[in-house]
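# Breakdown of the fold
Spelled out from the first residue to the last, the chains are:
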Amino acid sequence: MEPTAPEELAFTSGYSEVNGLKMYYEIHLPAGQADGQGKPFVLIHGGGSTIPSNFGKVIPLFAKNRQVIAVELQAHGRTNDRGTDSSFEQDADDVATLLHNLKVDKADFFGFSNGGTTTLQIAIRHPELVNKMVLGSALAKRHGVPEWFWDFMQQSKLEHMPEQLQTAYKEVAADSAGLQVMHDRDAKRMVHFKDIPDGHIEAIQAPTLIIIGDKDIITPEHAMELHRQIAHSELAIIPGGHGEYIGEITTIQPGFKESQLVVPMIEKFLDKE
């Protein structure tokens, strides 16, 4: 039997004027399909991350079946810093503005880690944009992580950032000095993190898939709490650590196989009527 040739994928990228940012985005889709065709699936990275460091392993898989729109948020990767503190609410508004600029009226969303918190804010602040959402290791309440996490964030320094994330930033950013800015923005936002009010979470109507690892920083109890609060939600607890289920760059081990990723489970959820 002849081996099957990998499916060709098309790729475009650009910058969009978004609320004082030049926001970097990528669109991945099957070759021969024009931008604007196919169901849009928006990927939102976590703190200290870039598109490839979070989603490099899964984008080629998702893009076989849908139009993948991946973004880099304020001070991350190729997107500049606007000179103000980061907030999940502002990130949500930035993504909404980007999608408006791209003429995307409604999409599915996958937010990982801090990107999951941003995705929650998109569902709260811009519900008309959200068809379905996947929350990967998302935090909504301070009690959703162990107490030591907050002490760690209070004392966070750039040298504590995993080397893989520092390298991933330098590989794509125009100015590596922005690495310190990205770190400081993300650390300050977490130190001052406030619970998302119950009423805001309980008002979410979008079908939601909540995913964490069984050795995640996010506790199973918190994932269960979100599952109970979001009416149309499903919960999956996957063996492994924070982001291992999508092949996040700090979790890659020798012998990694695509079969370890949760792409089929996410696609099954997204494809359900």
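Preceding block: the structure.
Here the residue numbers are simple positions, counted from 1 along each chain's written sequence. The predicted nature of this model means local features are confined to residues of pLDDT at least 70 and side-chain atom pairs, given and counted, to a pLDDT of 80 or more, with totals for whole chains, interfaces and linings taken over all residues. Side-chain measures were taken over the full set of non-hydrogen atoms in the model, leaving aside hydrogen atoms and water.

## So, the packing of aromatic side chains
Each pair of aromatic rings taken from Phe, Tyr and Trp, with Trp reduced to its six-membered ring, is defined by centres within 6.5 Å and is described as stacked if the planes are under 30 degrees apart, edge-to-face if over 60, and tilted in the remaining cases. Across all of its chains, the model carries 9 aromatic pairs by this definition. Taking 5.0 Å as the distance between ring centres and 80° as the angle between the ring planes, the aromatic pair formed by F41 and F62 counts as edge-to-face. Placement of the pair is F41 in strand 3 (residues 40-44) and F62 in helix 2 (residues 59-62), with a sequence separation of 21 residues. Ring-pair connections join several aromatic residues into one group, and the members of that group are F88, W148, F149, W150 and F193. Here, over-ring charges are defined by two tests on the NZ atom of lysine or the CZ atom of arginine: distance to the ring centre within 6 Å, and angle to the ring normal within 35 degrees. Across the ring face of F269, the terminal group of K132 is positioned such that the distance to the ring centre comes to 5.2 Å. Note that R142 overlies the ring of W150, its terminal NZ or CZ placed 3.8 Å from the centroid. Segments assigned H or I by DSSP are reported as helices when at least four residues long, segments assigned E as strands when at least two residues long, and all are numbered from the N terminus.

## Brief notes about helix 6 (residues 163-172)
Every α-helical turn comprises 3.6 residues, leaving residues that sit three or four positions apart pointing alike. Only protein chains enter the accessibility calculation, which uses a 1.4 Å probe; a residue is then buried when its area is under 20% of its type maximum, exposed when over 50%, and partly exposed in between. For helix 6, every residue scored as buried is listed here: L165, Q166, A168 and Y169. Down the axis, helix 6 shows its buried residues gathered within 160° of arc, on one side only. The exposed set on the far side of helix 6, more than 90 degrees from its buried face, consists of E163 and E171. Any two residues whose heavy atoms approach within 4.5 Å at even a single point are treated as in contact. Next to the buried residues of helix 6 lie helix 1 (51-55) and helix 7 (178-191). Here the arc refers to the directions that run from the helix axis out to each C-beta atom.

## Concerning the pattern of salt bridges
The salt bridge criterion pairs a side-chain nitrogen of Lys or Arg with a carboxyl oxygen of Asp or Glu, the two atoms within 4 Å. One pass over the full model with this rule turns up 15 salt bridges. Where D81 meets R185, a salt bridge forms, and the shortest distance between an N and an O atom there is 2.8 Å. Placement of D81 in the loop between strand 4 (67-71) and helix 3 (88-101) and of R185 in helix 7 is noted, with a sequence separation of 104 residues between them. The salt bridge partner of D91 is R189, with a shortest N-O separation of 2.8 Å. Of this pair, D91 sits in helix 3 while R189 sits in helix 7, placing them 98 residues apart in sequence. Of the two residues, D91 and R189, neither departs from the other in class, the shared state being buried. Taken together, the shared-partner salt bridges in this structure form one network comprising D81, D85, R185 and K188.

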